[in-house]
Amino acid sequence: MFENNPICKLLNIKYPIFQGGMAWLGTAELATAVSNAGGLGIIGAGHMPPDLLRAEIQKVKQWTDKPFGVNIMLMSPFVKEVIQVVLDERVPVVTTGAGNPGEYIPAFKEIGTKVIPVVASVALAKRLARTGVDALIAEGTESGGHVGEITTMTLVPQVVDAVDIPVIAAGGIADARGMMAAFALGAQGVQMGSRFVVSSECIAHENYKKLVLRAKDRSTVVTGRSTGHPVRVIANKLTRKFDELEKANAPVEEIEKLGAGGLNLAARKGDVEMGSVMIGQIAGMLNEIKPVQEIIDDIVNNLAKVMESTQNICK
């Protein structure tokens, strides 16, 4: 089906479906499952120490011979060491967020690693395209975790028009309808994070998954806008405290301290009241836990049905 897809050709993958690089949740288990199912599994490095990242990469290498990636958060205190690990391990694909990877691109290019940054604006997309990156992930504000301000529907076509490299759409995509919509907007692939959180292979705590499955269309909120690093999460006691601090014009340091360690608290320890339950607005559509292979097969198998229904509407 995707023999001529530019993303599939570029990365040697079966389907143009990326797994979002989610810190604490994008582990070797999930990344391997996505890659083995035909997509691109991605280890979320986040603030992961370099030794731990190396161990995760080596697990994936043991468990699959398919391409995979590492998402590097450029604001990580370990970013230099993390990049060296990725270079040492010759990771096939790198996605980046929270910064400009320009200074590292020559080293990645030298070993053949494909570099695909996440962007939330046209201006950043243009700037990064000039640095020689291989593709871009245009991520709308519907996404979970750290977000920009522009919706996927409006961001993707503007990025597609602004650059001459392939674009992957992210934010609010969880099924064949979302994937077809992304193609209609000019994207040549999709990235999904929230959908894979409620996969069998994701190591998220049971409490985390249950809260996501109970979520409705308006269950998520964005916190931390005043810090310059807004985050989309499910509303809980933690988000109410954030709201109180931001309305009181508390110092940025106090607000950031409140959120420190919140994702680990929710994702690994199961505290979904005072932890940070990062998930996208698409959570309201997620109602069951499935193996990754089934998730991807469902999307691919339903694409033809979506295309046919669209053609019927346009007749």
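The structure reproduced in this document is the subject of the present report. Because the structure is a prediction, the values reported are computed rather than measured. (Residues numbered from 1 in each chain as written. Predicted model: local features only at pLDDT ≥ 70, side-chain atom pairs only at ≥ 80, totals over all residues. Heavy atoms only, no water.)

## Quick notes on the pairing of strand E4 (residues 93-97)
The criterion, for reference: Exposed residues in this analysis have more than 50% of their type's maximum accessible area, buried residues have under 20%, and partly exposed residues fall in between, with area computed by a 1.4 Å probe over protein chains only. Helix and strand definitions follow DSSP, with helices as H or I runs of at least four residues and strands as E runs of at least two, each counted in order from the N terminus. When DSSP locates at least two bridges between a pair of strands, those strands are taken to pair.
Of all the five residues making up E4, five are buried; the element is thus mostly covered by neighbouring parts of the structure. Alternating positions in E4 separate into two faces, Val93, Thr95 and Gly97 on one and Val94 and Thr96 on the other, with burial throughout. Sheet analysis places E4 next to strand E5 (residues 114-119), joined by four bridges and oriented parallel. For Thr95, the partnering residue across the bridge sits in E5 and is Ile116.

## Quick look at the packing of helix H6 (residues 122-129) against helix H7 (residues 152-162)
A pair of packed helices is characterised by two quantities: the angle between their axes and the separation of those axes. So the rule is basically this: Angles here are taken between N-to-C directions and fall from 0 to 180 degrees, while the axes themselves are lines fitted to C-alpha atoms, restricted in helices to the stretch in contact. If you view the pair so one helix is near and one far, a crossing is left-handed when the near helix is turned anticlockwise from the far one by less than a right angle, and right-handed when it is turned clockwise. Whether two residues are in contact is decided by their heavy atoms, any of which lying within 4.5 Å being enough. Basically, the charged four are Asp, Glu, Lys and Arg, the nonpolar ten are Ala, Val, Leu, Ile, Met, Phe, Trp, Tyr, Cys and Pro, and anything else, Gly included, counts as polar.
Between H6 and H7, the least distance of the axes is 9 Å, while the angle of their chain directions is 30 degrees. The handedness of the crossing between H6 and H7 is right-handed. Seen from H6, the contacting residues are Val122, Ala125 and Lys126; seen from H7, they are Leu155, Gln158, Val159 and Ala162. Classifying every residue of the contact of H6 with H7 gives five nonpolar, one polar and one charged.

## Quick word on the pairing of strand E8 (residues 167-170)
Defined as follows: With the strands pointing away from the viewer, any crossover whose connection runs clockwise from the first strand over the helix to the second is right-handed.
Side chains of E8 alternate between two faces, with Val167 and Ala169 and Ile168 and Ala170 buried alike. Where E8 and strand E9 (residues 189-192) come together, three bridges link them in parallel fashion. Paired with Ala169 across the bridge in E9 is Val190. With helix H8 (residues 176-184) bridging E8 and its parallel neighbour E9, the resulting β-α-β unit is right-handed.

## Some details on the sheet that holds strand E2 (residues 41-44)
An order of E1-E9-E8-E6-E5-E4-E3-E2 is seen for the eight strands of this open sheet, with the pairing classed as parallel. In this open sheet, the two edge strands, each paired with only one partner strand, are strand E1 (17-19) and E2. With strand direction ignored, the average angle separating the axes of adjacent strands in the sheet is 25 degrees. Where E1 lies against E9, three bridges are found, and the strand directions are parallel. The residue bridging Phe18 from the neighbouring strand is Gln191, located in E9. In the packing of helix H3 (residues 50-63) onto the sheet, contacts are made with E2 and strand E3 (68-73), and the angle to E3 comes to roughly 165 degrees. Relative to the sheet, H6 contacts E5 and strand E6 (136-139), its axis offset from that of E5 by approximately 165 degrees.

## Things to note about unusual backbone geometry
Its identity as a non-glycine residue notwithstanding, Arg90 has a phi of 50 degrees, on the positive side. Looking at the element boundaries, Arg90 is found in the loop between helix H4 (79-88) and E4. For Asn249, which is not glycine, the phi torsion reads 55 degrees and is therefore positive. Turning to its location among the elements, Asn249 is positioned in the loop between helix H11 (237-247) and helix H12 (252-259).

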